[in-house]
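Spelled out from the first residue to the last, the chains are:
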Amino acid sequence: TASVPQAKAAGRKILIAPSGTRGDVQPFGAFGLALQSAGFVVRVMTNVNHVSFLQNLGLDAVGVLPDTEKAILENDKMRAAMASGDFLEFLKGVEEISIESGPKDFVNMLDVVDTWQPDLIITGPLVAFTLGPIAGARQIPVVNAALQLNTPSKDQQTMLGEPRWFPHRTLA
């Protein structure tokens, strides 16, 4: 087997913070393993229902966000949106859960950051607006990583399903 080159910044602590379904979190797990192989100390802060999966991969994981599988099953808006593919209706369900658990989630994320003191935070899109200010207040660099298409092209729509004639390039 080929050896993995060690990063010059090996030993630095990286906090990866994805949130969502397993399909949202699993790629961040692979990314965490690659960073770990390069010599970084990695912790993944995620939904409580993904902790054992990430630990079984060999990652240090801590659950501070709501169980997404449970939310999809128990929230009527989210369940209907998953059945119909209506992304905007899905976001309404996310909003309901965020209103309920957001303050507790913020305190939990802040506690992980303050206790573990990472050198870098990599966020998924669902926690970027929470962890960005925390990272800024603690003077920790933050990188927002998204797996979904956010900038449509003439060939590819976003999850919002805008019409093909919609002007996709507004500002460069």
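Residues numbered from 1 in each chain as written. Predicted model: local features only at pLDDT ≥ 70, side-chain atom pairs only at ≥ 80, totals over all residues. Heavy atoms only, no water.

Draft legend 1. Layout of helix α4 (residues 76-84). With a side-chain oxygen positioned 3.0 Å from the backbone nitrogen of K77, the residue opening α4 is N75. Positive backbone phi, at 80°, marks G85, one or two positions downstream of α4. (Polar contact = N/O pair within 3.5 Å; in protein donor to acceptor, adjacent residues only side chain to side chain. Helix = DSSP H or I, 4+ residues; strand = E, 2+ residues; numbered from the N terminus.)

Draft legend 2. How the structure looks around unusual backbone geometry. At Q117, a residue that is not glycine, the phi angle is positive and equals roughly 50°. In the Ramachandran plot, Q139 falls in the positive-phi region, its phi being about 55° despite a non-glycine side chain.

Draft legend 3. Structural context of the pairing of strand β1 (residues 13-17). In terms of residue burial, β1 counts as a mostly covered element, since four of its five residues are buried. Note: β1 against strand β2 (residues 41-47), four bridges, orientation parallel. Bridge pairing in β2 places L15 opposite R43. Following the backbone out of β1, through helix α1 (residues 22-37) and into the adjacent parallel β2, one traces a crossover that is right-handed. (Buried < 20%, exposed > 50% of the residue type's maximum accessible area, 1.4 Å probe, protein only. Pairing = 2+ DSSP bridges. Right-handed = clockwise from strand over helix to strand, strands pointing away.)

Draft legend 4. The sheet that holds β1, seen in detail. The parallel open sheet is built from five strands, whose spatial order is β3-β2-β1-β4-β5. Edge positions in the sheet fall to β3 (60-65) and β5 (142-144), since each of these pairs with one other strand and no more. The mean inter-strand angle of the sheet, taken between neighbouring strand axes irrespective of direction, is 20°. Sitting on the sheet, helix α6 (residues 128-138) touches β1, β2, β4 (120-123) and β5, and the angle it makes with β4 is about 165°. (Axes fitted to C-alpha atoms, helices over the stretch in contact; angles between N-to-C directions. Contact = heavy atoms within 4.5 Å.)

Draft legend 5. Geometry of the side chain of N75. Following the sequence through the fold, N75 ends up in the loop between α3 (68-74) and α4. Within the structure, N75 has its side chain in polar contact with the backbone nitrogen of M78 (distance 2.9 Å).

Draft legend 6. Seen up close, α6. Within α6, the full set of buried residues consists of A128, L131, I134 and A135. Buried residues in α6, looked at end-on, bunch into an arc of 135°, giving them a common side. In α6, the exposed positions that point more than 90 degrees away from the buried face belong to F129, P133 and A137. Buried residues in α6 make contact with β1, β2, α5 (87-116), β4 and β5. In the stretch just after α6, Q139 is the one whose phi turns positive, near 55°. (Arc of directions from axis to C-beta.)

Draft legend 7. Main features of the pattern of salt bridges. Summed over all chains, the structure comprises six salt bridges. A salt bridge links D76 to R79, with the nearest nitrogen and oxygen atoms 2.6 Å apart. Taken together, the positions of D76 and R79, both in helix α4 and three residues apart, correspond to about one turn of that helix. Judged by relative accessible area, which is 54%, D76 ranks as exposed. Measuring nitrogen to oxygen at the nearest pair gives 3.6 Å for the salt bridge that ties E89 to K92. Separated by three residues within a single helix, E89 and K92 lie in helix α5, roughly one turn from each other. (Salt bridge = Lys/Arg side-chain N within 4 Å of Asp/Glu carboxyl O.)

Draft legend 8. Local environment of the packing of α4 against α5. Contact pair α4 / α5: the axes reach a minimum separation of 8 Å and the direction vectors enclose 155°. Regarding the angle of α4 to α5, the classification is roughly antiparallel. Crossing angle aside, the handedness with which α4 passes α5 is left-handed. Between α4, through K77, M78, A81 and M82, and α5, the contact on the second element is made entirely by E89, F90, K92, G93, V94, E96 and I97. When grouped by side-chain class, the residues that make up the contact of α4 with α5 number six nonpolar, one polar and four charged. (Parallel < 35°, antiparallel > 145°, perpendicular 65-115°, else oblique. Left-handed = near helix turned anticlockwise from the far one by under 90°. Nonpolar A, V, L, I, M, F, W, Y, C, P; charged D, E, K, R; others polar.)

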